[in-house]
Amino acid sequence: MLALTLGLSVSTVSLAQSEVKLLNVSYDPTRELYTEFNKAFADHWQKTEKQKVTISQSHGGSGKQARSVIDGLAADVVTLALAYDIDALYEEAKLIPENWQSRLPNNSAPYTSTIVLVVRKGNPKNIKDWDDLVKPGVQVITPNPKTSGGARWNYLAAWAFAKKKYGSDEKAREFVAQLYKNVPVLDSGARGSTTTFAQREIGDVFLSWENEAFLIEKEFGAGKFDIVVPSLSILAEPPVTVVDKNVEKNGTRKVAEAYLKFLYSKEGQEIAGKNFYRPRDPEVAAKYAKVFPQVELITIDAEFGGWQKAQKEHFNDGGVFDAIYKPGT
Amino acid sequence: MAGNVSTLGRRTTRINHAVTEPLWVQLSLITVALVFLALFLVVPLVAVFKEAFSKGAEVYFASLVEPDAWHAIKLTLLAAAISVPLNVIFGVSAAWAITKFRFRGKQALITLIDLPFAVSPVVAGLIYVLLFGAQGWLGPWLADNDLKIIFAVPGIVLATIFVTFPFVARELIPLMEEQGTSYEEASLTLGASGWQTFWRVTIPSIKWGLLYGIILCNARAMGEFGAVSVVSGHIRGQTNTLPLHIEILYNEYQFAASFAAASILAGLALVTLVVKSLLEWQHTRDREKAARAAAQQS
């Protein structure tokens with residue numbers, strides 16, 4: 001009996017060593033990226049640590065995913081659309097330390113993206129830049145900034161453009177209000193908007209993550225859409241972090257940290273580039289320079305004083321967005 | 001969803017042969033009904049199967065045996081396999097209590113049973129997040145004891161039970177109300193125990209209604225989206241049910257695979273309809289037989 005119990009406990013220990021599980025809770029447009037990356041990391045971990053790692057994925061709107069983790073979804077790592085959503089893990093539930101963003105290089109964002117304009121083939125409405133979006137008769141597709149991370153980047157990019165061009169916050173506010181008058185439907189997430197524009201064929205121009213724009217071309221066939229790069233856009237830094245409370249409970253800190261570090265490796269950067277995220281690594285970035293056009297990029301910290309401030313001013317209840325967006329007017 | 005509840009028990013078998021409406025009224029009514037049926041039921045159903053097979057039978061079957069899809073199918077079956085029997089026990093006891101006994105607050109109980117029909121499934125899901133979530137009432141205790149309810153299989157089963165629990169009871173209450181208590185009283189007078197009366201008198205007389213309730217309950221259990229979506233956490237291969245898996249595939253531009261999964265649910269709906277019709281047919285036959293036997297005896 002004793003031998004049996006012993007044998008049993010030994011076998012469970014060796015099982016624990018030979019296999020480990022990770023849960024990556026991510027946002028909508030990273031589905032394809034992490035499908036590929038998870039395979040590469042599993043191979044890497046097998047080779048270096050001789051351990052099998054199984055990575056599960058959960059995808060959804062960035063804000064909603066953060067909420068689920070706060071409510072107990074046992075994510076080992078989160079890879080969300082914006083720092084604000086990850087900040088919530090600290091503020092609401094203390095799952096991570098306050099300084100989480102300084103634990104990895106580049107503000108914990110291993111890849112970046114930006115916002116571009118996607119138009120129908122041949123650009124029939126002749127859309128060149130942000131100011132073409134407020135023209136009468138142009139229908140703009142963008143998700144709801146209240147629920148979608150991508151939509152907040154869209155909104156802020158438009159704001160930054162108008163502020164630079166017309167010189168003041170008041171003018172920018174007018175411009176953005178005018179822009180949202182041209183939005184026929186506000187989907188709740190980036191993927192929903194993509195389907196609205198590409199599958200249901202509603203709207204003339206779609207404000208999109210750059211990676212999502214390339215993906216549409218890939219999925220729906222090249223030659224149906226054109227990508228227009230505006231004169232100015234915003235540097236989107238989708239950050240990643242280990243969820244400390246969960247990895248401590250699951251005993252997965254080592255593999256979870258290695259998983260995120262691997263995003264910064266040459267191989268990880270290569271996969272990011274292949275999936276249309278702008279790599280941080282200068283060497284890999286140079287290789288993909290042809291794919292990603294040069295564009296003047298403003299940052300959220302320089303232009304809006306960081307996510308906390310931007311969120312409070314623009315997107316919280318009673319903020320600027322609530323004041324300027326009135327459906328049906 | 002309340003519209004789903006049939007009134008099998010109250011059905012009258014009287015058929016009116018003397019139709020008084022003029023022919024054109026009859027025809028236009030029939031046309032309206034048929035067009036409506038075609039537009040809202042047949043066309044979408046055909047579209048689902050057409051889209052599912054749009055890339056050939058091979059892709060169709062490949063997308064069903066793919067590990068995540070297969071896991072979603074198994075999880076959906078598991079949730080139904082747990083929630084349906086529990087709802088049968090609850091439904092029969094509730095209907096039994098309500099129709100065979102008199103007590104205070106009966107009406108309140110009936111209203112409470114209807115609650116899941118009235119509450120939006122999303123709210124149903126959020127109730128469980130509020131109760132069992134990490135920030136919820138029981139969350140810290142559950143975490144200390146390493147128990148997982150939401151974002152795990154138990155939460156999905158709980159949410160499914162909640163949204164399906166009126167089906168069996170709602171099906172049985174009108175039926176048993178109509179039947180009254182005279183047979184049970186007779187059985188008890190003749191010396192049967194309460195348990196014998198239940199198995200030999202009550203169950204045989206409600207079996208059709210009960211089966212019908214089980215079928216509806218099962219269909220809803222497998223098809224539930226809203227409440228389950230809130231408590232699932234959407235972890236592939238772990239907490240995705242079939243309806244959630246369909247949404248994921250659709251969002252990943254895998255339209256053929258997504259409709260292949262959808263066709264399984266549509267197939268379930270068709271099977272449900274066929275079984276339901278068979279049951280009704282059997283039920284009418286039984287009644288007629290009983291009526292003939294009664295006529296012969298008198």
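Since this is a predicted model, take the numbers as computed values, not measurements.

Counting from both sides, the interface comprises 20 residues of chain B and, opposite them, 26 residues of chain A. For the chain B and chain A pair, buried surface summed over both sides reaches about 1800 Å², with 54% attributable to carbon and sulfur atoms. The largest per-residue losses of area from chain B upon contact with chain A belong to Gln-135, Phe-151 and Tyr-253 of chain B, which jointly make up 34% of the total buried on that side. Our count for the contact surface shared by chain B and chain A stands at 2 salt bridges. Residue Asp-146 of chain B is joined to Lys-249 of chain A by a salt bridge in which the shortest nitrogen-to-oxygen separation is 3.9 Å. At the junction of chain B with chain A, the criterion picks out 10 residue pairs in polar contact (both at pLDDT 80 or more). The element contributing the most residues to the side of chain B that touches chain A is helix α13 (residues 242-251) of chain B, with 3 residues. Considered class by class, the residues forming the side of chain B that touches chain A number 10 nonpolar, 6 polar and 4 charged.

Once that is clear, we can look at the nonpolar core. Within the largest apolar cluster, 113 residues are counted, with the highest numbers of intra-cluster contacts made by Trp-130, Tyr-155 and Trp-307 of chain A. Setting aside residues up to four positions removed in sequence, Tyr-155 of chain A forms contacts with Val-176, Tyr-180, His-314, Phe-315, Val-320, Phe-321 and Ile-324 of chain A. Within the second largest apolar cluster, 27 residues are counted, among which are Ala-95, Ile-203, Ile-206 and Leu-210 of chain B.

Residues and elements named next belong to chain A. In the structure shown here, the tally under the stated rule is 41 aromatic pairs over all chains. Residues Tyr-27 and Trp-209 carry aromatic rings whose centres are separated by 5.9 Å and whose planes lie at 55° to one another, so their mutual orientation is tilted. Placement of Tyr-27 in strand β1 (residues 19-27) and of Trp-209 in strand β7 (residues 205-209) is noted, with a sequence separation of 182 residues between them. Comparing Tyr-27 with Trp-209, the two get one shared label, buried.

All names here are of chain B. Secondary-structure assignment places Val-163 in helix α8 (residues 153-164). Relative accessible area serves as the criterion here: at 2%, Val-163 is assigned to the buried category. Along the backbone, Val-163 and Trp-281 are 118 residues apart, and their C-alpha atoms lie at a distance of 28 Å. Each residue touching Val-163, except ones within four places of it in the same chain, is listed here: Pro-116, Ala-124, Arg-220, Glu-224 and Ala-227.

This brings us to the sheet that holds β1 of chain A. All names here are of chain A. Reading across from one edge, β2-β1-β3-β10 is the order of the 4 strands in this open sheet, with mixed pairing throughout. Two strands in the sheet have a free side with no partner beyond their single neighbour: β2 (52-60) and β10 (240-242). With direction set aside, neighbouring strand axes in the sheet form an average angle of 20°. As paired elements, strand β3 (residues 77-79) and β10 share 3 bridges and run antiparallel to each other. Bridge pairing in β10 links Val-77 to Val-242. Packing of helix α10 (residues 253-264) onto the sheet brings it into contact with β1, β2, β3 and β10, and relative to β10 it is tilted by some 165°.

What follows is about the sheet that holds strand β6 (residues 140-141) of chain A. Residues and elements named next belong to chain A. Across the sheet, which stays open at both edges, the 4 strands sit in the order β6-β7-β5-β8 with mixed pairing between neighbours. If you trace the sheet from one side to the other, it starts and ends with β6 and β8 (225-228), each paired once. Bridge count for β6 against β7 is 2 bridges, and the pairing is parallel. Looking at β7, one finds that Ile-141 is bridged to Phe-206. Against the sheet, helix α7 (residues 190-199) makes contact with β5 (115-120), β6, β7 and β8, and its axis sits at roughly 145° relative to β7, the strand it touches most. Most of the contacts of helix α8 (residues 210-220) go to β7, to which it runs at about 115°, and overall it touches β5, β7 and β8.

Moving on, we come to the packing of helix α3 (residues 67-100) of chain B against helix α4 (residues 106-113) of chain B. Residue and element names in this part refer to chain B. Where α3 meets α4, the closest approach of the two axes is 10 Å, and the angle between their N-to-C directions is 155°. One finds that α3 runs roughly antiparallel with respect to α4. Remark: the crossing between α3 and α4 carries left-handed chirality. Between α3 and α4, the residues in contact are Phe-90, Ala-94 and Ile-98 and Lys-106, Leu-109, Ile-110 and Ile-113, respectively. The residue inventory of the contact of α3 with α4, partitioned by class, reads 6 nonpolar, no polar and 1 charged.

Residues and elements named next belong to chain B. Inspection of the secondary structure assignment puts Arg-287 in helix α14 (residues 255-297). Judged by relative accessible area, Arg-287 falls into the partly exposed class, the value being 33%. Remark: the alpha-carbon pair of Arg-287 and Leu-23, spanning 264 residues in sequence, is separated by 33 Å.

This brings us to the domain arrangement of chain A. All names here are of chain A. For chain A, the assigned domains are domain 1 (2-109 + 237-264) and domain 2 (113-236 + 294-324). Placing the centre of domain 1 and that of domain 2 at their C-alpha centroids yields a distance of 31 Å. On the side of domain 2, 16 residues touch domain 1, which itself brings 15 residues to the contact. When the two sides are added together, the surface that domain 1 and domain 2 hide from each other amounts to roughly 1400 Å², 56% of it contributed by carbon and sulfur. Taken as a group, Pro-29, Tyr-84 and Glu-237 account for 41% of the area that domain 1 buries against domain 2, more than any other trio of residues on that side. For the pair domain 1 and domain 2, the number of links is 1 salt bridge. Between Arg-191 and Glu-32 there is a salt bridge, and its shortest N-O distance comes to 3.3 Å. Counting every contact that joins domain 1 to domain 2 gives 3 residue pairs in polar contact (both at pLDDT 80 or more). Put simply, the parts of the chain that give the side of domain 1 that touches domain 2 at least two residues each are α2 (31-49) and α4 (83-93).

Scoring rules and cut-offs
Residues numbered from 1 in each chain as written. Chains lettered and ligands numbered in written order. Predicted model: local features only at pLDDT ≥ 70, side-chain atom pairs only at ≥ 80, totals over all residues. Heavy atoms only, no water. Contact = heavy atoms within 4.5 Å. Buried area = accessible area lost by both parts, 1.4 Å probe. Salt bridge = Lys/Arg side-chain N within 4 Å of Asp/Glu carboxyl O. Polar contact = N/O pair within 3.5 Å; in protein donor to acceptor, adjacent residues only side chain to side chain. Helix = DSSP H or I, 4+ residues; strand = E, 2+ residues; numbered from the N terminus. Nonpolar A, V, L, I, M, F, W, Y, C, P; charged D, E, K, R; others polar. Core = buried A, V, L, I, M, F, W, Y, C linked by side-chain atoms within 4.5 Å. Buried < 20%, exposed > 50% of the residue type's maximum accessible area, 1.4 Å probe, protein only. Phe/Tyr/Trp six-rings, centres within 6.5 Å; stacked < 30°, edge-to-face > 60°. Pairing = 2+ DSSP bridges. Axes fitted to C-alpha atoms, helices over the stretch in contact; angles between N-to-C directions. Parallel < 35°, antiparallel > 145°, perpendicular 65-115°, else oblique. Left-handed = near helix turned anticlockwise from the far one by under 90°. Domains from an automatic or database assignment.

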